[in-house]
Amino acid sequence: MTGPRTVTPLAKPELPALAALLAMEGLPNQDIADAGRRFWRVDDPDGLLGYGGLEVYERDGLLRSVVVLPERRRRGNGHAVVDAISREAVALGLERLWLLTIGAAGFFERIGFGRAERSEAPPDVRASAQFAGLCPGSAVCLRRDLASPVVETAARDAATAIPSEIAPVR
Ligand SMILES: CC(C)(COP(=O)(O)OP(=O)(O)OC[C@H]1O[C@@H](n2cnc3c(N)ncnc32)[C@H](O)[C@@H]1OP(=O)(O)O)[C@@H](O)C(=O)NCCC(=O)NCCS
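Residues numbered from 1 in each chain as written. Predicted model: local features only at pLDDT ≥ 70, side-chain atom pairs only at ≥ 80, totals over all residues.

The name given to the chain in an unreviewed UniProt entry is GNAT family N-acetyltransferase, and the organism recorded there is Azospirillum formosense.

Here it is in structure tokens:
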């Protein structure tokens, strides 16, 4: 598919579908309706590609719940979802993204994240539910600074550009 992708704040009625997909992947999902979480869906003309989310802690963001539908993986869609959420993070004034992952460190490292120690994350990120308990201690911690331009999947192919003007959920 080469049509345009769109990124849209996730509406409340869509949270159960996200929770089900996260549960299927063994990712934390019990807290997605809690305050302070924001989620987006990314679509192309064939429909839903996947989701991603953010928790905002001043200038730091916890990137979470990045998931692509199984049948739509390995075609650049995961990269596109992370780019889209990173653009939302920049729009929210964030300077860094943090995340924990058990099985996808290689994916995030390929698209510009670097390994970090959990202890390098600011206290409120470390106090988040994911750091404090939902993700096991064996998860890999990764970080990306947002000061430099986000790695642009869209720049490779203007036909797949994700409109960035859509406002995130408050
Ligand atoms: C991880 C995930 C989002 C990747 O989605 P995707 O659409 O397959 O990713 P892309 O096609 O954009 O891949 C981008 C690059 O990462 C590589 N890659 C994809 N998944 C990978 C993995 N699990 N490990 C290592 N590299 C991976 C791709 O080969 C590609 O590299 P290339 O550009 O050199 O070809 C998807 O597999 C997924 O939803 N997994 C389950 C949920 C999950 O684990 N999310 C992360 C939780 S924090």
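Caption draft 1: Region of the structure containing the overall build of the chain. In terms of regular secondary structure, the chain is built from six helices and seven strands. N-terminal to C-terminal, the α/β element order of the chain is β-α-β-β-β-α-β-α-β-α-α-β-α. The buried share among the 170 residues of the chain stands at 37%. (Helix = DSSP H or I, 4+ residues; strand = E, 2+ residues; numbered from the N terminus. Buried ≥ 20, exposed ≤ 12 C-beta atoms within 10 Å, placed from the backbone.)

Caption draft 2: Here's a closer look at unusual backbone geometry. Backbone geometry places Glu58, a non-glycine residue, at a positive phi of 55°. With respect to the secondary-structure elements, Glu58 resides in the loop between β3 (47-57) and β4 (60-68). We classify Glu58 as exposed; it has 11 C-beta atoms within 10 Å. A positive phi angle, close to 55°, is found at Ser65, a residue other than glycine. You can see Ser65 is positioned in strand β4.

Caption draft 3: Just the site of the ligand, in detail. Surrounding the ligand, one finds 20 residues, the nearest of these being Arg73, Gly78, His79, Gly106 and Phe107. Partitioning the shell around the ligand into residue classes produces eight nonpolar, seven polar and five charged. (Near = placed C-beta within 6 Å. Nonpolar A, V, L, I, M, F, W, Y, C, P; charged D, E, K, R; others polar.)

Caption draft 4: Fine view of the environment of Lys12. Relative to the elements of secondary structure, Lys12 occurs in the loop between β1 (6-9) and α1 (15-24). C-beta crowding within 10 Å serves as the criterion here: with 8 such atoms nearby, Lys12 is assigned to the exposed category. Here the alpha-carbon distance between Lys12 and Ile32, two residues 20 residues apart in the chain, equals 10.0 Å.

Caption draft 5: Expanded view of helix α2 (residues 77-91). Along its 15 residues, α2 runs 21 Å from first to last C-alpha, staying within 8% of the 21 Å computed at 1.5 Å per residue. Counting buried positions along α2 yields twelve of 15 residues, so the element is predominantly enclosed. The positive-phi residue at the C-terminal boundary of α2 is Gly93, with phi of around 85°. (Expected span 1.5 Å × (residues − 1).)

Caption draft 6: Summary view of the sheet that holds strand β5 (residues 96-101). Taken together, seven strands build an open sheet; the order of strands is β1-β2-β3-β4-β5-β7-β6 and the sheet is mixed. Only two strands of the sheet have a single neighbouring strand rather than two, namely β1 and β6 (114-115). Note: β4 against β5, three bridges, orientation parallel. Bridge pairing in β5 places Asp60 opposite Arg96. (Pairing = 2+ DSSP bridges.)

Caption draft 7: Summary view of the pairing of β4. Extensive coverage of β4 is indicated by the burial of nine of its nine residues. Pairing geometry for β3 and β4, over seven bridges, is antiparallel. The residue of β4 that forms the bridge with Gly53 is Arg64. Where β3 folds back onto β4 in an antiparallel hairpin, the turn is made up of two residues, including Glu58, whose phi is positive at roughly 55°. Traced from β4 through α2 to β5, the parallel crossover comes out right-handed. (Right-handed = clockwise from strand over helix to strand, strands pointing away.)

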